[in-house]
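# Structure assessment
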Amino acid sequence: MFRLIKEDINCVFDRDPAAQSVFEVITTYPGFHALIIHRVAHYCWGRGFRWLGRFISHVGRWLTGIEIHPGAQIGQRFFIDHGMGVVIGETAVIGDDCTLYHGVTLGGTSWNKGKRHPTLLNGVVVGAGAKVLGPIEIGEGARIGSNSVVVKDVHADATVVGIPGRIIDREKKKTSKEREEIASKMGFNAYGATSDMPDPVAHAINHMLDHIHAMDKQLGDMKKVLNDSGLEYNEPDMPSLDDCEIKE
Ligand SMILES: CC(C)(COP(=O)(O)OP(=O)(O)OC[C@H]1O[C@@H](n2cnc3c(N)ncnc32)[C@H](O)[C@@H]1OP(=O)(O)O)[C@@H](O)C(=O)NCCC(=O)NCCS
């Protein structure tokens, strides 16, 4: 038990640069107080002292502004920063090394008994004000943006933002980087258009750029295959796009 509490204190230093000393954490961190109170309430709940568990949890809420149902299962090194307004439901399960900020709800979407709250696997971070709702699973190391509302499973290491929560598409970012590169090679700027600006001309040009990019790559690959199979391809290399001059 003391080892667990020691780890709960130490993890604060890893995740809050403002933390100064162990004494400060023990005396002034509501997230830490709520966690210790929850560990006691959960112990009572698990041993059948349901009312006592609820009452201890209620006192914790009164003292810290953080409401954790005594039935919730919480792993090691859990940290709630600031804390006010956090609500964690009865059937929520939280893995090790998770972090929640103030205003987070791990809530249910139905009034049926049984599993109705989320499961957070290890290392999940939930930003301030985010709501994670229903018996969904948030994968290891996933990050939920502040004020998001997440109602579907999230895969490991994903970042989710918005309402409803959408996974940030890193591949999409990569594609637009490729487009920008080829567009600037061809001598024009990517017309300041992004996927957020549904300009049909920009859309068409983006697809042409993708096509040119794919053709470029295929030509290079075909030339390599020809040369590797002994067929000499003697045409000089295509001039680099950087070297092209636009003739007026
Ligand atoms: C979600 C979060 C983890 C994203 O971090 P990241 O992976 O570094 O992502 P980025 O900052 O590169 O942002 C990626 C995109 O998501 C957008 N975004 C980031 N956070 C967002 C949020 N909470 N809501 C909506 N969009 C968000 C960014 O604008 C960016 O959009 P773009 O690609 O169109 O430019 C972070 O923004 C966040 O919300 N952390 C919670 C922090 C918190 O609650 N702190 C409280 C301290 S008291």
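Notes on the structure in this doc start here. (Residues numbered from 1 in each chain as written. Predicted model: local features only at pLDDT ≥ 70, side-chain atom pairs only at ≥ 80, totals over all residues. Heavy atoms only, no water.)

## Let's talk about the sheet that holds strand E11 (residues 137-138)
The cut-off we apply is this: Two strands qualify as a pair provided that DSSP identifies no fewer than 2 bridges between them. Only DSSP runs of H or I with at least four residues qualify as helices, and only runs of E with at least two residues qualify as strands; both kinds are numbered from the N terminus onward.
As summarised here, the arrangement of the four strands in space is E2-E5-E8-E11, forming an open sheet in which the pairing is parallel. The two strands at the open ends of the sheet, each matched to only one other strand, are strand E2 (73-74) and E11. As defined by bridge partners, strand E5 (residues 93-94) adjoins strand E8 (residues 119-120) across two bridges and the pair is classed as parallel. If you follow Val-93 over to E8, its bridge partner there is Thr-119.

## Focus: the environment of Pro-135
Under the convention used in this document: To sort residues, take the accessible area from a 1.4 Å probe on protein chains only and compare it with the maximum for the residue type: under 20% means buried, over 50% means exposed, and anything in between is partly exposed. A contact between two residues is defined here by any heavy atoms of the two lying within 4.5 Å.
In this fold, Pro-135 is placed in the loop between strand E10 (131-133) and E11. Given the relative accessible area of 49%, Pro-135 is considered partly exposed. When the C-alpha positions of Pro-135 and Arg-116 are compared, they lie 4.6 Å apart, and in sequence the two are 19 residues distant. Ignoring sequence-local partners within four residues, the contact set of Pro-135 consists of Thr-109, Lys-115, Arg-116, His-117 and Pro-118.

## Some thoughts on the packing of aromatic side chains
Short version of the rule: Whether two aromatic rings pair depends on their centres lying within 6.5 Å, for rings of Phe, Tyr and Trp, where Trp uses its six-membered ring; planes under 30 degrees apart make the pair stacked, over 60 edge-to-face, and the rest tilted. Remark: a charge is flagged as sitting over a ring if the NZ atom of Lys or the CZ atom of Arg is within 6 Å of the ring centre and within 35 degrees of the ring normal.
Under the defined criterion, the tally for this structure stands at two aromatic pairs. Ring geometry for Tyr-29 against Phe-79: centres 6.5 Å apart, planes inclined by 35 degrees, an arrangement best described as tilted. One end of the pair, Tyr-29, is in the loop between helix H2 (22-28) and helix H3 (30-46); the other, Phe-79, is in strand E3 (residues 79-80), with 50 residues separating them in the sequence. For Tyr-29, a relative accessible area of 9% puts it in the buried group. Judged by relative accessible area, Phe-79 falls into the buried class, the value being 2%. Taken together, a centroid distance of 5.0 Å and an interplanar angle of 15 degrees make the contact between Trp-51 and Phe-55 stacked. You can see Trp-51 and its partner Phe-55 sitting in helix H4 (residues 50-64), four residues apart, about one turn around the helix. Sitting over the face of the ring of Trp-45, Arg-50 holds its NZ or CZ atom 4.2 Å from the ring centroid.

## Some details on a nonpolar patch on the surface
Filter applied, for reference: Patch members must show over 30% relative accessible area and no salt bridge, and they are joined within 9 Å when carrying like charges or within 5 Å when they are nonpolar side chains of Val, Leu, Ile, Met, Phe, Trp or Tyr. For every accessible area listed, the method is Shrake-Rupley and the probe measures 1.4 Å; residues are considered covered only by the protein chains on display. Any Lys or Arg side-chain nitrogen found within 4 Å of a carboxyl oxygen on Asp or Glu counts as a salt bridge.
Where nonpolar side chains cluster on the molecular surface, the patch consists of Phe-49, Trp-51, Leu-52 and Phe-55 and spans about 470 Å² of accessible area. Classification of Phe-55 by relative accessible area gives partly exposed; the value is 41%.

## A closer look at the packing of H3 against H4
Put simply, the rule is: Between N-to-C directions, angles cover 0 to 180 degrees, with each direction set by a line fitted to C-alpha atoms, over the stretch in contact for helices. Roughly parallel covers angles under 35 degrees, roughly antiparallel covers those over 145, roughly perpendicular covers 65 to 115, and oblique covers all other angles.
The geometry of H3 relative to H4 is characterised by a closest axis approach of 7 Å and an angle of 170 degrees between their N-to-C directions. Accordingly, the angle class assigned to the pair H3 and H4 is roughly antiparallel. On H4, the residues touching Pro-30, His-33, Ala-34, Ile-37, Val-40, Ala-41, Cys-44 and Trp-45 of H3 are Arg-50, Leu-52, Gly-53, Arg-54, Ile-56, Ser-57, Gly-60, Leu-63 and Thr-64.

## Remarks on the packing of helix H1 (residues 2-15) against H3
Rules: Two helices cross in a left-handed way if the nearer one is turned anticlockwise from the farther one by less than a right angle. They cross in a right-handed way if the turn is clockwise. Note that Gly is not counted as nonpolar here; it falls among the polar residues with everything else outside the nonpolar set of Ala, Val, Leu, Ile, Met, Phe, Trp, Tyr, Cys and Pro and the charged set of Asp, Glu, Lys and Arg.
Where H1 contacts H3, the axes come no closer than 11 Å and their chain directions differ by 160 degrees. Put simply, H1 runs roughly antiparallel to H3. In this structure, H1 meets H3 at a crossing whose hand is right-handed. Two secondary-structure elements touch here, H1 through Leu-4, Ile-5, Asp-8 and Ile-9 and H3 through Phe-32, Leu-35, Ile-36 and Arg-39. Taken together, the residues of the contact of H1 with H3 sort by class into six nonpolar, no polar and two charged.

## With respect to the side chain of Asp-8
Within the secondary structure, Asp-8 is located in helix H1. By relative accessible area, which is 1% here, Asp-8 ends up buried. Among all residues touching Asp-8, those that are not within four sequence positions of it are Phe-32, Leu-35, Arg-39, Gln-76, Arg-77 and Phe-78.

## A few points about the sheet that holds strand E14 (residues 159-161)
On the basis of which strands lie adjacent, the open sheet formed by six strands has the order E3-E6-E9-E12-E14-E15 and mixed pairing. Strands with a single pairing partner mark the edges of an open sheet, and in this sheet they are E3 and strand E15 (166-167).

## A few points about empty space enclosed by the protein
To keep it simple, the criterion reads: Grid spacing is 1 Å over the protein atoms alone, the probe is 1.4 Å, and a cavity is where that probe fits but cannot get out, while a pocket is an open set with protein on both sides within 12 Å along at least five of seven lines and lining residues have an atom within 4 Å of a point. Grid points are joined across faces, edges and corners, and a volume is the space filled by probe spheres set on the points.
Enumeration according to the criterion identifies one cavity of 30 Å³ or more in this entry. Considering only enclosed or pocket space, the largest cavity measures out at about 40 Å³ in volume. Lining the largest cavity, in full, are Ala-34, Ile-37, His-38, Ser-57, Gly-60, Arg-61, Ile-66 and Ile-68. Mapped onto the lining of the largest cavity, the elements with two or more residues apiece are H3 and H4. Along the lines of polarity and charge, the residues of the lining of the largest cavity split into four nonpolar, three polar and one charged.

Fair warning: the whole summary comes from geometry, so function is off the table for now.
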